Amino acid sequence: MDKNDPDYHMNEPKMEKDYSESVTALLPEVEQLANSGQIPQALERLHVLEKKTRSAGDLASTSQLLVRIVTVCGDSCSWALLEQEVAAMAKKHGQLKQAIAKMVQSAMEYVDKTPDEQARVELIEALRTVTEGKIHVEVERARLTRMRVAIYEQKGQIKEACDTLQEVQVETYGSMDKREKTDFILEQMRLCLAKRDYIRLAIISHKINPKYFQTEGTEDLKLRFYELMIQYDLHEENYLEVCRHYKQVYETKGIKDDAAKWPAVLQNMVLYLVLSPYGNEQSDMLHRVQKEDHNLEKLELCAQLVKGFTTLELTRWPAVETIYGGEFRKTDVFSAQTENGNKRWMALRDRVIEHNIRVIAKYYTRASTQRLTELLDLPGDDVERFLSKAVVDGTIYARIDRPAGVVNFAKPCDSEEQLNGWASDVGKLLGLVEKTTHLIAKEEIVNKIARAI
């Protein structure tokens, strides 16, 4: 470690004596002892000098000696000894924090060199114990935890892997790089999804700010994040959120510029948008997609489907099945081979019926239930059920007269609204009269001038 480094003296005792020359002289001797197999003797020499450098506050020399202790044990494949030495050195009185960090980083390099899984696990756990509760090695602890989780996952122990990774709250780590932190949180989300812990997945997802994905070089993280969120919202059947996620994926440069990728993403975005319950936001997005996205024209069926939902005309379900069924039933969204695909296909039928009810309410003031069953292609009981749902949702006004078999779509006005309507009509009438009078007077003046000439 460079003694001119600004972090050299940070939170460490002031150096009383420089032992760099002594360390330089000792290391060749230690190397010779280690090569001849005299590991205990080599470590003993290192321990003696390490105590002096630690007491003198010589951070660079102490770090160098601790790293050398790890190297001697690791190169000799003395894994149990390595664990003991790391634990012992970390507990020494007055041990320098940055020296511990250097020692742990050096020991981590030997994790992949262990001969078998048991030795690897024991070394990882020993290092995790050393780093527990120490802020100056929090990043190293997080990385060690990921190594341990990878082993759990290889053995199919998803619950243990998920629980172990949740112990690390990387969002509070100030020393961890933003990209690594985001990657770690995405791993937590992925394991929660694998464990089917959807509540925790939703909580963890809020730790990532989507604005971060506007940073250059984060496209891969963005795609991973939205893929996980799509899986979550599909489970919750929140189709409007799924559409938003696909929209973010679609707007990613790597997707939009790739002619092989964007059609599938745009198609999914449109299909889930159509599946979303009707509302101001859903209607607004539907119209914006139709007007602003020129790529939609290249997907003929999707463009027709969007037009059907944005036009105030009846869309008969049998016709929808005939036109779109053959193509859309092959997609993952409406797959005929899966339960969820069939469920979403029936949800599309419901959206078509709801759209038709809104169209009927727009053009009819009164209609018989018999006529509605013909227009909606539904039996009488289902017509009443869909009408009731639309009224409860607030999308239309309707009153059903069951004995007469009539549905009234006209909303009754109270006396104040009636008077306001009349006043508005009278105001419009007087405005038209005034405009007409002005035009007549103008015409008379023009004719008088023409005669005079």
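Focus on the packing of aromatic side chains
(1) Moving on: As enumerated under the stated definition, the model contains ten aromatic pairs in all.
(2) Moving on: Aromatic pair F225 and Y226: ring centres 5.0 Å apart, planes at 75°, arrangement edge-to-face. Judged on exposure class, the residue F225 and its partner Y226 are both buried.
(3) Moving on: Ring centres of F328 and F334 lie 6.4 Å apart, and the angle between their planes is 35°; on these two criteria the pair is classed as tilted. Assigned by exposure class, F328 and F334 land together as buried.

Thoughts on helix α10 (residues 198–205)
Since there are 3.6 residues in each turn of an α-helix, residues three or four apart along the chain are aligned in direction.
(1) Moving on: Of all the residues in α10, the buried ones are Y198, L201, A202, I204 and S205. All buried residues of α10 fall inside an arc of 165° around its axis, so they share one side. In α10, the exposed positions that point more than 90 degrees away from the buried face belong to I199 and I203.
(2) Moving on: Elements in contact with the buried residues of α10: α8 (158–166), α9 (178–195) and α11 (219–235).

A word on the environment of Y110
(1) Moving on: Following the sequence through the fold, Y110 ends up in the loop between α5 (97–108) and α6 (117–131).
(2) Moving on: Y110 sits in the buried class, given a relative accessible area of 6%.
(3) Moving on: Between the C-alpha atom of Y110 and that of V320, which follows or precedes it by 210 residues, the distance is 63 Å.

Here we look at the sheet that holds strand β1 (residues 366–368)
(1) Moving on: Pairing within the open sheet is antiparallel, and its three strands lie in the order β1-β3-β2. One side of each edge strand has no neighbouring strand; the edge strands of this open sheet are β1 and β2 (399–401). Sheet twist, expressed as the mean angle between neighbouring strand axes with direction ignored, is 20°.
(2) Moving on: Here β2 runs beside strand β3 (residues 406–408); their pairing, made up of three bridges, is antiparallel. Across the sheet, the residue bridging to R399 is N408, located in β3.
(3) Moving on: Its contacts with the sheet put helix α19 (residues 369–376) on β1 and β3, and the angle it makes with β1 is roughly 85°.

Focus: α8
(1) Moving on: Of all the residues in α8, the buried ones are A161, C162, T164, L165 and Q166.
(2) Moving on: Looking at the buried side of α8, the elements it contacts are α6, α7 (138–154), α9 and α10.

Points about unusual backbone geometry
As a rule of thumb, non-glycine residues mostly have phi less than zero, and peptide bonds are mostly trans rather than cis.
(1) Moving on: Residue C77 is not a glycine yet carries a positive backbone phi of 60°.
(2) Moving on: In this fold, C77 is placed in the loop between α3 (59–75) and α4 (79–91).
(3) Moving on: Phi angles above zero are rare outside glycine, and E237 is one such case at about 60°.
(4) Moving on: Along the polypeptide, E237 turns up in the loop between α11 and α12 (239–250).
(5) Moving on: According to the relative accessible area criterion, E237 is partly exposed, its value standing at 39%.

Things to note about the side chain of T315
(1) Moving on: Residue position: T315 is located in the loop between α16 (300–310) and α17 (317–328).
(2) Moving on: Since its relative accessible area comes to 18%, T315 is described here as buried.
(3) Moving on: Other than its neighbours up to four places away in sequence, T315 contacts G308, V320, V352, H355 and N356.

Examining the side chain of R148
(1) Moving on: Within the fold, R148 resides in helix α7.
(2) Moving on: What makes R148 buried here is its relative accessible area of 10%.
(3) Moving on: A distance of 2.9 Å separates polar atoms of two side chains, one belonging to R148 and the other to E125.
(4) Moving on: If near-sequence neighbours (up to four positions away) are discounted, R148 is found in contact with V121, I124 and E125.

What to know about the confidence of the model for the protein
(1) Moving on: Summarising the model, the protein shows a mean pLDDT of 89, and 97% of its residues fall at 70 or more.
(2) Moving on: Scored below 50 in pLDDT, residues 1–10 shows 19 contacts in the model against residues more than four places distant or in partner chains.

Here we look at the environment of I185
(1) Moving on: With respect to the helices and strands, I185 occurs in helix α9.
(2) Moving on: Accessibility expressed as a relative area gives 3% for I185, which makes it buried.
(3) Moving on: Apart from residues no more than four positions distant in its own chain, I185 is found in contact with V170, I204, K207 and I208.

Calculation criteria
- Residues numbered from 1 in each chain as written.
- Predicted model: local features only at pLDDT ≥ 70, side-chain atom pairs only at ≥ 80, totals over all residues.
- Heavy atoms only, no water.
- Phe/Tyr/Trp six-rings, centres within 6.5 Å; stacked < 30°, edge-to-face > 60°.
- Buried < 20%, exposed > 50% of the residue type's maximum accessible area, 1.4 Å probe, protein only.
- Helix = DSSP H or I, 4+ residues; strand = E, 2+ residues; numbered from the N terminus.
- Arc of directions from axis to C-beta.
- Contact = heavy atoms within 4.5 Å.
- Pairing = 2+ DSSP bridges.
- Axes fitted to C-alpha atoms, helices over the stretch in contact; angles between N-to-C directions.
- Polar contact = N/O pair within 3.5 Å; in protein donor to acceptor, adjacent residues only side chain to side chain.
- pLDDT = per-residue confidence, 0-100.

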